[in-house]
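These are the residues of each chain, in order.
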2 protein chains.
Amino acid sequence: MSGVDYRQAGVDIDAGNEAVRRIKALARQTYTSGVLSGVGSFGGLFGLDTSVSDPVLVASADGVGTKLKVAFLAGVHDTVGADLVNHCVNDILVQGARPLFFLDYLATGALAPEVVEQIVTGVARACTANGCALLGGETAEMPGFYAAGEYDVAGFIVGLVSRGGIVDGRAITPGDRLVALPSSGLHTNGYSLARHIAFDVLGLDVRSHVAEIGTTVGDALLWPHKSYLRAVEPLLASGRIKGMAHITGGGITENLPRVLPDGLSFSLDRRSWTIPPVFAWLQAAGGVPDAEMFRAFNMGVGMILVCAPGDADGVIADVRAGGEQAWHLGEVIGADGHA
Amino acid sequence: MSGVDYRQAGVDIDAGNEAVRRIKALARQTYTSGVLSGVGSFGGLFGLDTSVSDPVLVASADGVGTKLKVAFLAGVHDTVGADLVNHCVNDILVQGARPLFFLDYLATGALAPEVVEQIVTGVARACTANGCALLGGETAEMPGFYAAGEYDVAGFIVGLVSRGGIVDGRAITPGDRLVALPSSGLHTNGYSLARHIAFDVLGLDVRSHVAEIGTTVGDALLWPHKSYLRAVEPLLASGRIKGMAHITGGGITENLPRVLPDGLSFSLDRRSWTIPPVFAWLQAAGGVPDAEMFRAFNMGVGMILVCAPGDADGVIADVRAGGEQAWHLGEVIGADGHA
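About the criteria used
Each chain carries its own residue numbering, running from 1 in the direction its sequence is written. Chains carry letters and ligands carry numbers; both start at the beginning, A for chains and 1 for ligands, and go up in the order they are written. In keeping with the predicted nature of the model, local features appear solely for residues at pLDDT of at least 70, side-chain atom pairs appear and are counted solely at 80 or more, and the whole-chain, interface and lining totals rest on all residues. Note that water and hydrogens are dropped before the side-chain values are worked out from all heavy atoms of the structure. Copies are brought into register by a least-squares superposition over C-alpha atoms of residues with pLDDT of at least 70 in both. Should any heavy atoms of two residues lie within 4.5 Å, those residues are considered in contact. Labels follow the DSSP assignment, with helices taken as runs of H or I lasting at least four residues and strands as runs of E lasting at least two, numbered in each case from the N terminus. Between buried and exposed lies partly exposed: a residue is buried under 20% and exposed over 50% of the maximum accessible area for its type, with that area taken using a 1.4 Å probe on protein chains only. Strand pairing is defined by DSSP finding a minimum of two bridges between the two strands. Aromatic rings from Phe, Tyr and Trp, with only the six-membered ring used for Trp, were paired whenever their centres fell within 6.5 Å, and each pair was classed as stacked if the ring planes differed by under 30 degrees, edge-to-face if by over 60, and tilted otherwise. Think of it as a cone above the ring: NZ of Lys or CZ of Arg counts as a charge over the ring if it is within 6 Å of the ring centre and within 35 degrees of the ring normal. Where helices are involved, their axes are fitted lines through C-alpha atoms of the stretch in contact, as for all axes, and angles between N-to-C directions lie from 0 to 180°. Each angle is binned into one of four classes, with values under 35 degrees roughly parallel, values over 145 roughly antiparallel, values of 65 to 115 roughly perpendicular, and all other values oblique. If you view the pair so one helix is near and one far, a crossing is left-handed when the near helix is turned anticlockwise from the far one by less than a right angle, and right-handed when it is turned clockwise. Residues are sorted three ways: Asp, Glu, Lys and Arg are charged, Ala, Val, Leu, Ile, Met, Phe, Trp, Tyr, Cys and Pro are nonpolar, and all the rest, Gly among them, are polar. When a carboxyl oxygen of Asp or Glu lies within 4 Å of a side-chain nitrogen of Lys or Arg, that pair is called a salt bridge.

1. Points about the relation of the copies chain A and chain B
Superposing the two chain copies requires a rotation about an axis and a translation along that axis. Rotating chain A by 180° and translating it 0.0 Å along the rotation axis places it on chain B, where the RMSD comes to 0.0 Å. Those values place the two copies in the arrangement expected of a two-fold rotation axis. When C-alpha distances to the rotation axis are compared across chain A, the minimum falls at F156(A), with a value of 3.4 Å. A high fraction, 99%, of the interface residues of chain A reappear at the interface in chain B, so the copies pair face to face through one surface.

See below:
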């Protein structure tokens with residue numbers, strides 16, 4: 001009987017080692033002062049800054065979802081890395097935390113070191129932009145699991161906040177104002193519906209130019225998820241932010257209530273912003289009802305800040321001073337429907 | 001034109017919410033005193049015990065690999081959750097860290113809340129056994145991505161060690177002893193090769209009884225990855241453990257060198273243990289050379305502790321006193337091949 005080796009069984013340990021070598025070089029560029037040892041160790045070591053009083057760790061896990069299918073079609077693999085990091089950064093930012101470190105999980109059918117390098121390049125670039133170390137990760141070759149050229153990625157982030165600085169929405173009352181920060185596109189949600197409309201209903205491909213959105217389907221759907229860290233971080237110390245909601249799967253409809261105390265609701269001024277063309281185009285092409293759109297997509301609103309009525313103008317001015325847009329989106333209302 | 005909604009596009013937000021409800025109940029059972037808020041928040045909050053001086057966080061990410069395919073064939077979904085947690089616990093244990101919290105990423109083609117519940121039941125049970133809180137996670141429905149009934153899972157762990165308690169192998173010298181702790185089976189590595197041999201070469205299925213291993217293929221291949229926390233934790237404070245290697249992908253061949261200082265190598269006493277029947281059976285059936293077996297599988301050695309010659313007997317006795325097995329596996333040698 002002739003012998004079976006690991007490579008014949010579909011796993012290439014040498015390609016894995018080559019991928020790890022490239023990842024290490026990229027990760028090293030993201031290292032902050034906390035990193036004691038990173039990629040390549042069994043676990044990554046991060047020394048905590050003990051000057052933060054009553055330290056609370058905030059952690060989150062996320063994926064990119066079926067946005068990856070668009071990346072496969074377009075052959076573009078670096079934007080999804082940024083999507084992953086920025087999504088995670090926003091998820092802990094809404095509780096008042098600054099990122100410390102990030103780890104990724106990348107699973108593929110057959111390891112192509114150059115594709116791994118592109119993905120991790122995007123991860124590393126976004127980590128650097130957010131002052132967050134890429135501390136480790138797992139790259140798994142799983143033959144027979146993912147289609148040729150396909151992969152899945154997940155990200156894990158850990159951030160730090162002083163207990164007194166936790167933002168949890170507890171102090172929100174009727175009449176508080178909602179301040180919106182714009183999304184940069186679909187971010188990482190609604191892609192099953194968007195792909196269905198673009199590719200199945202309309203029969204387009206990633207290279208198709210769409211007049212309504214002024215670009216190709218691929219460009220419009222791959223625009224990276226935005227990080228709100230730089231815009232929101234300067235506001236945190238002031239204590240004016242009572243709550244924040246990152247608008248992801250479930251849209252404003254499901255994410256804003258997560259930060260509101262029980263019994264409170266919200267009212268949006270639908271004339272306060274123009275729905276970006278990519279959403280209007282998808283809605284018209286798919287004949288999707290408004291309620292469904294607002295549950296599947298962010299509709300142009302990537303982050304919502306909640307503050308007292310007297311603070312809203314100042315919060316908006318501060319965000320704008322940092323070069324980001326912001327506007328009065330609506331207000332918090334009580335069970336009786338009144339602000 | 002008739003409208004398209006999210007459910008027609010393959011994503012069921014209600015099934016997702018039901019899955020999250022079940023996960024929350026399971027996660028709650030794992031909460032330790034550090035947990036301030038867990039599953040359901042944007043990020044999970046964990047208050048750090050500030051009595052640990054010079055705290056260092058140790059983080060790791062892992063998957064279960066193609067062992068999942070065996071779980072799909074057997075229709076057993078709770079053992080892989082334990083695999084995920086225990087693998088992560090061991091990866092940070094080797095640097096001296098105790099686990100604080102764990103997050104999971106679960107991606108599937110179509111959400112079946114009862115399968116999600118089984119997976120997370122395994123995760124939660126192993127978290128509780130390791131004193132580790134299940135702090136959060138992401139459950140992603142990705143239609144068209146995973147085959148019907150299939151999924152991928154990844155785990156992410158954060159642990160804590162005092163800077164002075166970090167185990168990093170730096171003090172290892174020639175002559176130091178290798179103490180082995182037994183694996184409980186394949187753990188989570190070598191499954192592409194094992195599946196190829198069992199299912200393709202031998203044409204067996206998960207229900208096939210194999211005389212050489214005294215059980216079914218499914219049972220033998222699904223046995224959960226063992227956690228070494230309880231066996232090793234009592235040894236850490238004594239300072240006798242100079243280095244530890246968790247034997248995962250790449251086997252002893254690639255994992256033991258990760259903890260040895262540059263220029264050092266090792267010698268194993270191959271007569272010190274009997275290769276467990278599952279590996280002997282796979283090797284014979286696949287005609288796999290020894291070197292390949294030792295690179296693909298743990299070969300019965302799940303964890304290796306490195307200590308000074310005079311400490312080895314005491315370390316083994318202490319591990320055994322805790323109800324775990326341990327034996328003299330070999331020693332560290334210099335570049336000249338001498339201990």
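2. Remarks on unusual backbone geometry
Residues and elements named next belong to chain A. Even without a glycine there, the phi angle at H187 is positive, about 55°. Mapping H187 onto the fold places it in the loop between strand 7 (177-182) and helix 5 (191-201). Backbone geometry places M299, a non-glycine residue, at a positive phi of 60°. Mapped onto the fold, M299 is located in the loop between helix 10 (290-296) and strand 12 (301-307).

3. Observations concerning the pairing of strand 3 (residues 55-63) of chain B
Among the nine residues of strand 3 of chain B, nine are classified as buried, and the element is accordingly described as predominantly covered. Burial along strand 3 of chain B is two-sided: the residues P55(B), L57(B), A59(B), A61(B) and G63(B) and V56(B), V58(B), S60(B) and D62(B) are all buried. Judged from the four bridges that link them, strand 2 (residues 44-47) of chain A and strand 3 of chain B form a sheet pairing that is antiparallel. Within the sheet, the bridge partner assigned to L45(A) lies in strand 3 of chain B and is V58(B). Summarising the sheet, strand 3 of chain B and strand 6 (residues 151-162) of chain B pair through nine bridges and their orientation is antiparallel. Bridged to L57(B) within strand 6 of chain B is L160(B).

4. A short note on the packing of aromatic side chains
By the definition in use, this model includes 16 aromatic pairs over all chains. Within the aromatic cluster, the residues linked to one another by ring pairs are F72(A), F145(A), Y146(A), Y151(A), F72(B), F145(B), Y146(B) and Y151(B). The side chain of K69(A) reaches across the aromatic face of F145(B), ending 5.1 Å from its centre.

5. Considering the packing of helix 3 (residues 79-93) of chain B against helix 7 (residues 229-236) of chain B
Two measures define how a pair of helices packs: the angle their axes make with one another and the distance between the axes. All names here are of chain B. Running from amino to carboxyl end, helix 3 crosses helix 7 at an angle of 15°, the nearest separation of the two axes being 11 Å. In this view, helix 3 runs roughly parallel relative to helix 7, as classed from their interaxial angle. Of the two elements, helix 3 crosses helix 7, and the hand of that crossing is left-handed. Facing helix 3, whose interface residues are V89, N90 and L93, helix 7 presents L229, V232 and L236. Residue classes in the contact of helix 3 with helix 7 are distributed as five nonpolar, one polar and no charged.

6. Looking at the pattern of salt bridges
One pass over the structure, following the stated rule, counts 32 salt bridges over all chains. Ionic pairing is found between D78(A) and R125(A), a salt bridge with its closest N-O pair at 3.6 Å. Here the residue D78(A) occupies a position in the loop between helix 2 (67-74) and helix 3 (79-93), and R125(A) occupies one in helix 4 (residues 113-129), the gap between them amounting to 47 residues. Its relative accessible area of 24% is what places D78(A) among the partly exposed residues. E117(B) is the salt-bridge partner of R22(B), the closest N and O atoms lying 2.8 Å from each other. Of this pair, R22(B) sits in helix 1 (residues 13-28) while E117(B) sits in helix 4 (residues 113-129); the two residues are 95 residues apart in sequence, bridging distant segments of the chain. By relative accessible area, which is 23% here, R22(B) ends up partly exposed.

Functional significance is not addressed by these values, which are geometric in nature.
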